[in-house]
Amino acid sequence: MMHSPYTPPNTTLELTSERVLPPHLVRRTSRIVCGFGLFELFAWIVAAYSTDYLYLDLLAIIIAINGTLINSKSCRSFPWTIFLCLFYPIAVTFQTTQVDLTNLATWLPTRNSPFMLLKVLVALGSMLAAASLLQCYIYQNRKHPSLN
């Protein structure tokens, strides 16, 4: 019997092999990523009352928005928000070479202080957000044992 090349293929195997994220993983990842973005945005606004500069981070807004958009099928392709999150630890690494880390004023929110304590907290939060996104990507894209 001839099979018509114009008929759609049988997608039952594709539908059963499609892996979606469980709701608890979606909620947790969304909370972590969105929470990190909002923390990064508002922490510097609060810190501006005791330091000399106001720092509004556009990357934090993008990360927070991407955190709210996470659903059960979000991580089929690589989540590029991971690279936005990994910007913060890289920036802290470069900033540690420019300041005196032994000076206590470097770590506290005082005038003319880089407030390294907050920068380190932001870097740790960003690594947590990147790790949770990577966990979702790995979960959603690993192969089923039944398909091997």
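In this text the structure is predicted, and so the values were computed from the model without any measurement. (Residues numbered from 1 in each chain as written. Predicted model: local features only at pLDDT ≥ 70, side-chain atom pairs only at ≥ 80, totals over all residues. Heavy atoms only, no water.)

K.L.:
With reference to specific residues and values, describe the overall build of the chain.
P.N.:
The helix and strand inventory of the chain stands at 6 helices and 0 strands. The helix and strand sequence of the chain, counted from the amino end, reads α-α-α-α-α-α. Out of the 148 residues in the chain, the part that is buried amounts to 34%. Sequence-distant contacts in the chain: of pairs separated by 6 or more residues, those separated by 24 or more amount to 77%. As displayed, the chain offers around 9700 Å² of accessible surface, 68% of which is attributable to carbon and sulfur atoms. (Helix = DSSP H or I, 4+ residues; strand = E, 2+ residues; numbered from the N terminus. Buried < 20%, exposed > 50% of the residue type's maximum accessible area, 1.4 Å probe, protein only. Contact = heavy atoms within 4.5 Å. Areas by Shrake-Rupley, 256 points an atom, 1.4 Å probe, with all protein chains shown as cover.)

K.L.:
Could you give an account of the packing of helix α4 (residues 81-96) against helix α6 (residues 116-141), naming the residues involved and the relevant values?
P.N.:
For the pair α4 and α6, interaxial distance at closest approach is 8 Å and the crossing angle is 150 degrees. Here α4 is positioned roughly antiparallel relative to α6, judged by the angle of their axes. Crossing of α4 over α6 shows left-handed handedness. Along the contact surface, α4 presents Thr81, Ile82, Cys85, Leu86, Tyr88, Pro89, Val92, Gln95 and Thr96, while α6 presents Met116, Lys119, Val120, Val122, Ala123, Ser126, Met127, Ala129, Ala130, Leu133 and Leu134. Across the contact of α4 with α6, the residue classes tally to 15 nonpolar, 4 polar and 1 charged. (Axes fitted to C-alpha atoms, helices over the stretch in contact; angles between N-to-C directions. Parallel < 35°, antiparallel > 145°, perpendicular 65-115°, else oblique. Left-handed = near helix turned anticlockwise from the far one by under 90°. Nonpolar A, V, L, I, M, F, W, Y, C, P; charged D, E, K, R; others polar.)

K.L.:
I'd like a description of the side chain of Ser113, backed by residues and values.
P.N.:
On the secondary structure map, Ser113 appears in the loop between α5 (104-107) and α6. The class for Ser113 is buried, based on a relative accessible area of 3%. A polar contact is formed between the side chain of Ser113 and the backbone oxygen of Ala105, at a distance of 2.8 Å. The residues touching Ser113, leaving out its near neighbours within four places in the chain, are Thr51, Tyr53, Ala105, Thr106 and Leu108. (Polar contact = N/O pair within 3.5 Å; in protein donor to acceptor, adjacent residues only side chain to side chain.)

K.L.:
Tell me about the nonpolar core, and name the residues and values.
P.N.:
Membership of the largest hydrophobic core comes to 24 residues, with the highest contact counts inside it found for Phe36 and Leu118. For this core, the secondary-structure elements that each account for two or more residues are α2 (23-47), α3 (58-68), α4 and α6. Sorting elements by how many residues they give to this core places α2 first, with 9 residues. Setting aside anything within four residues of it in sequence, one finds Phe36 in contact with Ile63, Cys85, Tyr88, Val122, Gly125, Ser126 and Ala129. (Core = buried A, V, L, I, M, F, W, Y, C linked by side-chain atoms within 4.5 Å.)

K.L.:
If you had to explain the side chain of Thr29 to someone new, which residues and values would you point to?
P.N.:
Along the polypeptide, Thr29 turns up in helix α2. When neighbours within four sequence positions are excluded, Thr29 is seen to be in contact with Ile70, Ser132, Leu133 and Cys136.

K.L.:
Describe the packing of aromatic side chains, with residues and values.
P.N.:
Enumeration over the complete set of coordinates arrives at 9 aromatic pairs. Their ring planes at 45 degrees and their centres at 5.6 Å tell us that Phe78 and Phe83 sit as a pair that is tilted. Geometrically, the ring pair formed by Phe78 and Tyr137 is edge-to-face, given 5.3 Å between the ring centres and 80 degrees between the ring planes. A residue pair is termed long-range when its members are at least 10 positions apart, and Phe78 in the loop between α3 and α4 and Tyr137 in helix α6 qualify at 59 residues. With relative accessibility at 25%, the residue Phe78 sits in the partly exposed group. Looking at Tyr137, the relative accessible area reads 25%, which means it is partly exposed. Ring-pair connections join several aromatic residues into one group, and the members of that group are Trp44, Tyr53, Tyr55 and Phe115. (Phe/Tyr/Trp six-rings, centres within 6.5 Å; stacked < 30°, edge-to-face > 60°.)

K.L.:
With reference to specific residues and values, describe unusual backbone geometry.
P.N.:
Positive phi values are uncommon outside glycine, yet Asn112 reaches one of about 60 degrees. Counting through the fold element by element, Asn112 comes out in the loop between α5 and α6.

Spatial relationships are all this shows, so hold off on functional conclusions.
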